[in-house]
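# Secondary and tertiary structure notes
The primary structure of each chain is shown beneath.
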Amino acid sequence: MNIKNIRALAEILQETGLTGLEVWEGETKIRLERAPAPQTVTVMAEPAAVQAAPAAAAVPAAVPAQEAGVVDYNDMTEVKSPMVGVFYAAPAPDAKPYVQVGDKVKKGDVLCIIEAMKLMNEIQADADGEIADICVQNGDLVEYGQTLFKIC
C-alpha cells in the first residue's frame, strides 16, 4: 500500500466523520484512528435568571464538599471505552446491572460489558469511588475513548 492510498483513506475518514478505519491489502494491515470532533454546547441565560445568591445560603467553607453532599465535578475519574462496541450494563438481559448511580466501587470491579466482534469484554473501574454518572444506555453503540462512567 502506498502513501497516496493511505492519504485517500485519511480523507475518507475525515469526510465521513468516522473515528476509525481498518483496511487489509494482502498481508498489509492499516488502522487509522482519530479523536471524535468536540461538541460545543451554548447555554443562554436570561438576565433575570442570573442573580447573585445570598451570602447566608452559601455552605460554610469549613465543611468539606463530601460532607455537604456536594459533588466536585472537576475531581472525577472518567471510565472511557477502550474499544468500539455495544455497551451492556448487565451480564444478561434479565440480570440486574453491574452498577447504578450511587454505588460504591473499588478499583478492578466490573462496571459493564462491551461486545466487540462477538467477544464480551468486561470493563473495570480504574479507581475506588462512587458512581456519579452513567453516560450511556444499555444497548448503545460506543466509540473508542467515549466516556462510559464518571466516578467521584
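Just above, that's the structure.
Attention here is on the structure that accompanies the text. (Residues numbered from 1 in each chain as written. Predicted model: local features only at pLDDT ≥ 70, side-chain atom pairs only at ≥ 80, totals over all residues. Heavy atoms only, no water.)

Of the regular secondary structure elements, the protein holds one helix and ten strands. Listing every helix and strand of the protein by position from the N terminus yields α-β-β-β-β-β-β-β-β-β-β. Classification of the 152 residues of the protein by burial places 20% in the buried group. Excluding contacts between residues fewer than 6 apart, the proportion of contacts in the protein whose partners are at least 24 apart in sequence is 52%. Roughly 11300 Å² of accessible area belongs to the protein as shown, and the carbon and sulfur atoms make up 54% of that amount. (Helix = DSSP H or I, 4+ residues; strand = E, 2+ residues; numbered from the N terminus. Buried < 20%, exposed > 50% of the residue type's maximum accessible area, 1.4 Å probe, protein only. Contact = heavy atoms within 4.5 Å. Areas by Shrake-Rupley, 256 points an atom, 1.4 Å probe, with all protein chains shown as cover.)

Next up on the list: the pattern of salt bridges. Going through the model one piece at a time under the given rule, you end up with two salt bridges. As a salt-bridge pair, E78 and K80 come within 3.1 Å of each other at their nearest N and O atoms. For K104, the salt bridge identified is with E130, shortest N-O distance 2.9 Å. Linking K104 in strand β5 (residues 104-105) with E130 in strand β8 (residues 129-134), this pair joins segments that are 26 residues apart in sequence. Under the relative-accessibility criterion, K104 is labelled exposed at 63%. (Salt bridge = Lys/Arg side-chain N within 4 Å of Asp/Glu carboxyl O.)

Among the seven residues in strand β6 (residues 110-116), six count as buried, and that is most of the element. Bridge count between strand β4 (residues 85-88) and β6: three bridges; the pairing is antiparallel. Paired with F87 across the strands is I114, a residue of β6. Where β6 folds back on strand β7 (residues 119-124), the antiparallel hairpin that results is connected by two residues, among which M117 adopts a positive phi of roughly 55°. (Pairing = 2+ DSSP bridges.)

Bringing the side chain of T147 into the picture now. Position of T147 relative to the elements: it lies in strand β10 (residues 147-151). Among the polar contacts listed, one links the side chain of T147 to the side chain of E78, at a separation of 3.3 Å. A polar contact of 3.5 Å, which involves the side chain of T147, links it to the side chain of K80. Residues contacting T147, with those up to four places away along its chain left out, are E78, V79, K80, C135 and V136. (Polar contact = N/O pair within 3.5 Å; in protein donor to acceptor, adjacent residues only side chain to side chain.)

Attention now moves to the sheet that holds β8. The strand order across the open sheet formed by four strands is β3-β10-β8-β5, and the pairing between neighbours is antiparallel. What marks the edges here is a single partner per strand, and that holds for β3 (77-80) and β5. Strand direction decides the pairing type here: β5 and β8, joined by two bridges, are antiparallel. Bridging across to β8, V105 finds its partner in G129.

We now examine the packing of aromatic side chains. For the structure shown, the criterion picks out one aromatic pair. Consider the rings of F87 and F149, whose centres lie 5.9 Å apart with planes at 50°: the pair is tilted. Of the two residues, F87 sits in strand β4 while F149 sits in strand β10, which places them 62 residues apart along the sequence. Take F149: its relative accessible area is 1%, and that puts it in the buried class. (Phe/Tyr/Trp six-rings, centres within 6.5 Å; stacked < 30°, edge-to-face > 60°.)

Functional significance is not addressed by these values, which are geometric in nature.
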